Amino acid sequence: MVELNEAYVTGLLADLETEVPRLQGELGQARARAAAVGAELSSLVTRLDGCKTTQAELQDRGRRGALDLNDKNSRIASLHQELAGLKRRSDDLKTEMDRVGEGAIQRKLRRDRAKLSVQIEDREVEVQKRRAEVDALRQQVHDAEVALTHERDKMRAIGKELDLLQGQLVDPYLYTRLFDRIAARGHCRFFFDRNGAAWAAELASAIGLVLELHSELRAGKYRLDKNSDIVGGRAMATAEALYGAVALDDRKRAIALFELATDPGLYFHQIFNVFRVWCLGLLLTERYTELKELMRTHRYALGLRGGYVQTCIGLVAGDAAAVSAGLKAIVEAEWEIWQDPSLVRGAGVINLGGLAFARLATARGIPVRLPGPTIPAELLRSARKPAPAPPTAPTRPLLQHGRR
């Protein structure tokens, strides 16, 4: 049961009014430090990419050389077998010539033996040629291995430099902590002043932090193996920011965040935040075949995940009852989750997931029953506040960068 009251929200807001400025100050100082090493870091990332490309080329060259070497060695072995057979036949003909003595038969045998000698000579020439090719290939494979070892050493050295510089970057988790608190402060302030424009402005600024984080991750400035909790849509902040953008009716920004934060190679939808990021992302990009497949995979889910499944199915099918039931399940389950003291509880004062789904339903002409105070009706009716343009997403795949 969702119970919001002034005392509860006042307590949350008091803490947030202190925490947000403190974290904003930390972020400002961290950005100043990061700016001093930005150019050098970009250069190192470029060099690291070059090392990866060169290594891939050398590995490919080594594999192809090894395959060619195997083929040529097989051919040499086959030629030796042929030579042995031809020489045996030549020896047999000589023995037969000695046995029959002078005459027409001996002359025929001599001609046959001469033909065999030509074949033997051809095979021996080919063996020499193949041996020379094998020696060249062995040298090529050896050179590739030496160059690959050099590139690996070079990459390790660059990696050490990169680690030192990355230590001066903004802590990526500072972005997520600040997002949670700015969004929560905006929710709590709205509870008292009902100022939709101020709430939208604060939420838009918080979403900008998450976009900045994922732009930096996509650019390869952070090691993915050390920050796996915030890549691929795993972070709570990523999911909340994505749904928050839709709650602001800023679909362009939501799609930009979805494309920045996700990667097909990190489609671990058994993780709940990844699941709900892809639910909304596939809806927004109208990839309904993939969305239906995802829904089929989780069709028997209960509780919160089941609420998301029911809502998405209802949105695609235009089923108002399903959407309303799904929203009710989402709101009730997420309210319980946000009561966890380890989380920023003020973020649960407005349910961004439910508000985003309700806005999508309204846009599709699907009437819905709002299940409680965490989806304020006035925010659903309010116009979208224009947000800053999203950062341009690099074309590089997330999985191939920032991981060593």
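Before reading on, note that the structure itself is shown above.
All figures in this text were calculated on a predicted structure; none of them were measured in a lab.

### Quick notes on the overall build of the protein chain
Part 1: If you tally the helices and strands in the protein chain, you get twelve helices and zero strands.
Part 2: Seen in sequence order, the protein chain has helices and strands lined up from the N terminus as α-α-α-α-α-α-α-α-α-α-α-α.
Part 3: On C-alpha atoms alone, the protein chain measures out to a radius of gyration of 35 Å, which is more than a quarter above the 22 Å that the 2.2 N^0.38 rule sets for 404 residues.
Part 4: For the C-alpha atoms alone, the extent of the protein chain along its principal axes is close to 125 × 50 × 35 Å.
Part 5: Each of the 404 residues in the protein chain was classed as buried or not, and the buried ones make up 46%.
Part 6: Contacts in the protein chain between residues at least 24 apart in sequence constitute 79% of all its contacts with a sequence separation of at least 6.
Part 7: Roughly 19900 Å² of accessible area belongs to the protein chain as shown, and the carbon and sulfur atoms make up 52% of that amount.
Part 8: Here the protein chain contributes 60 positively and 53 negatively charged side chains, and the mean placements of these two sets differ by 4 Å.

### Overview of unusual backbone geometry
Part 1: Unusually for a residue other than glycine, arginine 194 sits at a positive phi of about 55°.
Part 2: Its location among the elements puts arginine 194 in the loop between helix H3 (172-193) and helix H4 (196-218).
Part 3: With a relative accessible area of 39%, arginine 194 lands in the partly exposed category.

### Structural notes on the pattern of salt bridges
Part 1: Here the structure, examined in full by the defined rule, presents 28 salt bridges.
Part 2: Put simply, arginine 75 and glutamate 82 hold a salt bridge, and the shortest N to O gap is 3.5 Å.
Part 3: In this structure, aspartate 98 engages lysine 94 in a salt bridge whose closest nitrogen and oxygen atoms are separated by 3.5 Å. Linking aspartate 98 with lysine 94, this pair stays in helix H1 (residues 6-100), spanning four residues, or about one helical turn.
Part 4: Taking the relative accessible area as the measure of exposure, aspartate 98 reaches 54% and is therefore exposed.
Part 5: By relative accessible area, lysine 94 is classed as partly exposed at 38%.
Part 6: Because the salt bridges share partners, they merge into one network encompassing Lys72, Arg75, Glu82, Arg123, Glu126, Arg130 and Glu133.

### Let's talk about the packing of aromatic side chains
Part 1: Tallying each qualifying case throughout the model produces ten aromatic pairs.
Part 2: A centroid spacing of 6.5 Å and a plane angle of 55° characterise the contact between phenylalanine 190 and tryptophan 199, whose relative ring orientation is tilted.
Part 3: Take tryptophan 199: its relative accessible area is 3%, and that puts it in the buried class.
Part 4: A connected cluster of aromatic rings, assembled from ring pairs, spans Tyr243, Phe272, Phe275, Tyr308 and Phe357.

### Examining the nonpolar core
Part 1: Ranked by size, the top nonpolar core spans 103 residues in total, and within it Trp199 and Phe357 carry the most contacts.
Part 2: Considering every element that reaches this core, the biggest residue donor is H1, with 16 residues.
Part 3: Every residue in contact with tryptophan 199, bar those within four places of it in the chain, is listed here: Gly186, His187, Phe190, Ala247, Leu248, Ile350, Leu352, Leu355 and Leu379.
Part 4: Residues Leu109, Leu116, Ile120 and Val127 belong to the second largest nonpolar core, which totals nine residues.

### Re the packing of helix H5 (residues 236-247) against helix H6 (residues 251-261)
The relative placement of two packed helices comes down to the angle between their axes together with the axis-to-axis distance.
Part 1: Their axes nearest at 8 Å, the elements H5 and H6 cross at an angle of 160°. For the element pair H5 / H6, the angle class is roughly antiparallel. Between H5 and H6 lies a crossing whose hand is left-handed. Contacts between H5 and H6 pair Thr238, Ala241, Leu242, Ala245 and Val246 from the former with Arg253, Ala254, Leu257, Phe258 and Ala261 from the latter.
Part 2: Its residues placed into classes, the contact of H5 with H6 shows eight nonpolar, one polar and one charged.

### Quick notes on the environment of arginine 234
Part 1: With respect to the helices, strands and loops of the structure, arginine 234 is situated in the loop between H4 and H5.
Part 2: Measuring from C-alpha to C-alpha, the distance between arginine 234 and phenylalanine 268 comes to 8.8 Å, with 34 residues separating the pair along the chain.
Part 3: At 3.4 Å, the side chain of arginine 234 and the backbone oxygen of serine 228 are in polar contact.

### Examining helix H10 (residues 320-338)
Part 1: With 19 residues, H10 should cover 27 Å at 1.5 Å per step; its first-to-last C-alpha distance of 27 Å lies within 8% of that length.
Part 2: The complete set of buried residues in H10 reads Ala322, Val323, Ser324, Gly326, Leu327, Ile330, Val331, Glu334, Trp335 and Trp338.

Parameters at a glance
Every chain is numbered on its own, with residues counted from 1 as its sequence reads. Under the rules for a predicted model, residues below a pLDDT of 70 receive no local features and side-chain atom pairs below 80 are neither given nor counted, while totals for whole chains, interfaces and linings still include all residues. With hydrogens and water excluded, all non-hydrogen atoms of the structure serve as input to the side-chain values. The numbering of helices and of strands both runs from the N terminus, where a helix is a DSSP run of H or I of at least 4 residues and a strand a run of E of at least 2. Radius of gyration means the value over C-alpha atoms here, while the globule rule gives 2.2 Å times the residue count to the 0.38 power. Whether a residue is buried, partly exposed or exposed follows from its accessible area with a 1.4 Å probe, protein chains only, as a fraction of its type maximum: under 20%, in between, or over 50%, in that order. When checking whether two residues touch, look at their non-hydrogen atoms; a contact exists if any pair is within 4.5 Å. Per-residue and other accessible areas were derived by the Shrake-Rupley procedure at a 1.4 Å probe size, with only the shown protein chains allowed to occlude residues. As used throughout, the charge tally considers Lys and Arg to be positive and Asp and Glu to be negative, leaving His and the chain termini uncounted. Every charge is mapped to an atom, namely NZ of Lys, CZ of Arg, CG of Asp or CD of Glu. Take a side-chain nitrogen of Lys or Arg and a carboxyl oxygen of Asp or Glu: if they are within 4 Å of each other, that pair is a salt bridge. Only the six-membered ring of Trp is used, alongside the rings of Phe and Tyr, when aromatic pairs are assigned; centres must lie within 6.5 Å, and planes under 30 degrees apart are stacked while those over 60 apart are edge-to-face, with the rest tilted. Nonpolar cores are built from buried Ala, Val, Leu, Ile, Met, Phe, Trp, Tyr and Cys residues. Side-chain atoms within 4.5 Å join them into one set. Angles run from 0 to 180 degrees between N-to-C directions of axes, and those axes are lines fitted to C-alpha atoms, restricted for helices to the stretch in contact. These descriptions rest on fixed angle ranges, namely under 35 degrees for roughly parallel, over 145 for roughly antiparallel, 65 to 115 for roughly perpendicular, and the rest for oblique. Should the near helix be turned counterclockwise from the far one by less than a right angle, the crossing is left-handed, whereas a clockwise turn marks it as right-handed. Any residue outside Ala, Val, Leu, Ile, Met, Phe, Trp, Tyr, Cys, Pro, Asp, Glu, Lys and Arg is labelled polar, Gly included; the first ten of those are nonpolar and the last four are charged. Here a polar contact means two N or O atoms within 3.5 Å. Within protein one must be a hydrogen donor candidate and the other an acceptor candidate, and residues neighboring in sequence count only if both atoms are side-chain atoms. Expected helix span is taken as 1.5 Å per residue step, with the number of steps being one fewer than the number of residues.

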